[in-house]
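Structural characterization, general
Here are the chains, one letter per residue:
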Amino acid sequence: MPSLTLYIDKYIDHNLNQQTLRTIEENIVEIIVKEFDANQDNCQICWVNSEMFTSNYKILGEMKFRQKKSRDQNKKENCLKKIGNILKNNFKVSIRLRAFSIENASLTALDIKN
């Protein structure tokens, strides 16, 4: 955690290759690490092809993270704005981003490594 899920309308014309998407993801992770004082190894971004029929927002992002005192409203807003600008500049569409904090007491997590 933090975990960012990006729902991308599969019909947008973005013509971005895998390397460009990798660079976008690396830039987003850098922002999350800096703004949220997060461990890079714990950041995860999931890209999901979606169909957005009526919404004007062709990318929807939902970020979940553990609540900490250092992650105040200002940090959350800065993080979302920076991520949104990267996505808008690369995909040339309207973006909707949301952030949800989770208290440690209500979180159960499991990582299974191979």
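An account of the accompanying structure is given in this report. Keep in mind that what you see is a predicted model, and the values were worked out from it rather than measured.

**Details of unusual backbone geometry**
Glycine aside, negative phi is the norm for most residues, and most peptide bonds take the trans geometry. One non-glycine residue, Asp37, lies in positive phi territory at about 50 degrees. On the basis of relative accessible area, Asp37 is assigned to the exposed category, the value being 58%. Of note in the backbone geometry, Lys92 takes a positive phi value of approximately 60 degrees without being a glycine. Inspection of the secondary structure assignment puts Lys92 in the loop between helix 2 (73-91) and strand 4 (94-102). Overall, the relative accessible area of 66% leaves Lys92 in the exposed class.

**Overview of the packing of aromatic side chains**
The final tally for this structure, using the stated rule, is 2 aromatic pairs. Taking the centre distance of 4.7 Å and the plane angle of 50 degrees together, the rings of Phe36 and Phe65 count as tilted. In this pair, Phe36 sits in helix 1 (residues 18-36) while Phe65 sits in strand 3 (residues 57-66), placing the two residues 29 residues apart along the sequence. Summarising the burial analysis for this pair, Phe36 and Phe65 share the class buried. Each ring, one from Trp47 and one from Phe91, has its centre 6.3 Å from the other, and the planes form 40 degrees; the classification is tilted. One end of the pair, Trp47, is in strand 2 (residues 44-50); the other, Phe91, is in helix 2, and 44 residues separate them in sequence. Owing to a relative accessible area of 27%, Trp47 belongs among the partly exposed residues under this scheme.

What counts and how
Residues numbered from 1 in each chain as written. Predicted model: local features only at pLDDT ≥ 70, side-chain atom pairs only at ≥ 80, totals over all residues. Heavy atoms only, no water. Buried < 20%, exposed > 50% of the residue type's maximum accessible area, 1.4 Å probe, protein only. Helix = DSSP H or I, 4+ residues; strand = E, 2+ residues; numbered from the N terminus. Phe/Tyr/Trp six-rings, centres within 6.5 Å; stacked < 30°, edge-to-face > 60°.

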